[in-house]
Every structure is written in C-alpha cells, then in structure tokens.
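These are the residues of each chain, in order.
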Amino acid sequence: MRAHDLAEPYPYVTTDDDAIDAARLLAENSLPALLVLDADGQPHAIVPGSQLLRQLIPSYAVDDPLLASSVEDGAGSEIAERLEGLTVAEWVPRRLFPPPYVGPDATPMEVAALMARTHSPLVAVIEREGAGRVRLLGTVTAARLIRYVLVRLGLQDGTRG
C-alpha cells in the first residue's frame, strides 16, 4: 500500500480565495484542517482548525483563560471583521503553516511519521508534473491512516457496535 492508494479527495481553497469562504468551507464540511493550494496547484498550507481559530480570536483570549471567559458571544462580529476583505494567503501565512506533503509512492509509515512530526491531521499527496507544476492526488487524513492500520491488524471489521 502506498500514499496514492490511501489518498482521498479533500476540499481545498486557493491562496486567492476569500478568507470568509474558506472559513465556511471548513465549518460546513467539518474539516479537521484547511488545505490551501497556490496558483500552480502546489500545497501552500495545511492549517488545523484550532490554529485557524487562533488566527481569529484576540490574543488576550488565548493567553488568559480568565479574560476569555469574560468575552461575550457577541464577539463573533469581531471575528467576522477580522476576516473581511482578506484573502486566504493573508489569513494563513505559509511561514506559519508549511504544508506536509508526500509523493504517491510514500509508505503509510512515512505518511504517519510526517503527520506526527508536523502535528498535522492530514498530509497532501502530490504528483510532480512538468514546469514546476504539481497535481494534487488527494490527502491522507489521520482517520484514514488509523482505519488502514486497524484493518491491517484485523481490529476493524467495518461494523459498529
């Protein structure tokens, strides 16, 4: 089994997309992370949802739980204001969230090790094409990888108890 066998389709946005649309995509699809591609189809960033929240909420709320408890639910408008007019590239700078990716022939252990090292809930699987372009084959999520391991060990039979 190789990465291309484990890869599944995954919704993505591009660096030029609207940040609010990207937030909606993440929320409406219950995604563990936002996959961002650049204009050439190259992974630009893979950002766990928790880190997207960190980009949205005031730093004082992150740093001090007591202050966070005093913030009213009405702070949602402040969050929307932070996203308004931003592109995805402006919202999620690449330097903060370098994208973990592998080629199609990576082994499940290579994918798992990369996922663990980068603290990412998914890894992009790409295939290099000519002129510096790449093609996204899909992603391997942590859930997909764990499901593969459980099946290989005979610990999952596809039924729910």
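Residues numbered from 1 in each chain as written. Predicted model: local features only at pLDDT ≥ 70, side-chain atom pairs only at ≥ 80, totals over all residues. Heavy atoms only, no water.

A. Layout of the sheet that holds strand β5 (residues 122-128). Pairing is mixed across the open sheet formed by three strands, whose spatial order is β4-β5-β6. Taken across any chain shown, the strands that pair with only one partner, and hence form the sheet edges, are β4 (101-102) and β6 (134-141). Relative to β6, β5 runs antiparallel, the two sharing seven bridges. Across the sheet, L122 pairs through a bridge with T141, a residue of β6. Across the sheet, helix α8 (residues 108-118) lies against β4, β5 and β6, angled at about 125° from β5, the strand it touches most. (Pairing = 2+ DSSP bridges. Helix = DSSP H or I, 4+ residues; strand = E, 2+ residues; numbered from the N terminus. Contact = heavy atoms within 4.5 Å. Axes fitted to C-alpha atoms, helices over the stretch in contact; angles between N-to-C directions.)

B. Region of interest: unusual backbone geometry. Unusually for a residue other than glycine, S30 sits at a positive phi of about 50°. Here S30 shows up in the loop between α2 (19-28) and β2 (33-37). Even without glycine at this site, H119 takes up a positive phi of about 55°. On the secondary structure map, H119 appears in the loop between α8 and β5. For H119, a relative accessible area of 66% translates into the label exposed. (Buried < 20%, exposed > 50% of the residue type's maximum accessible area, 1.4 Å probe, protein only.)

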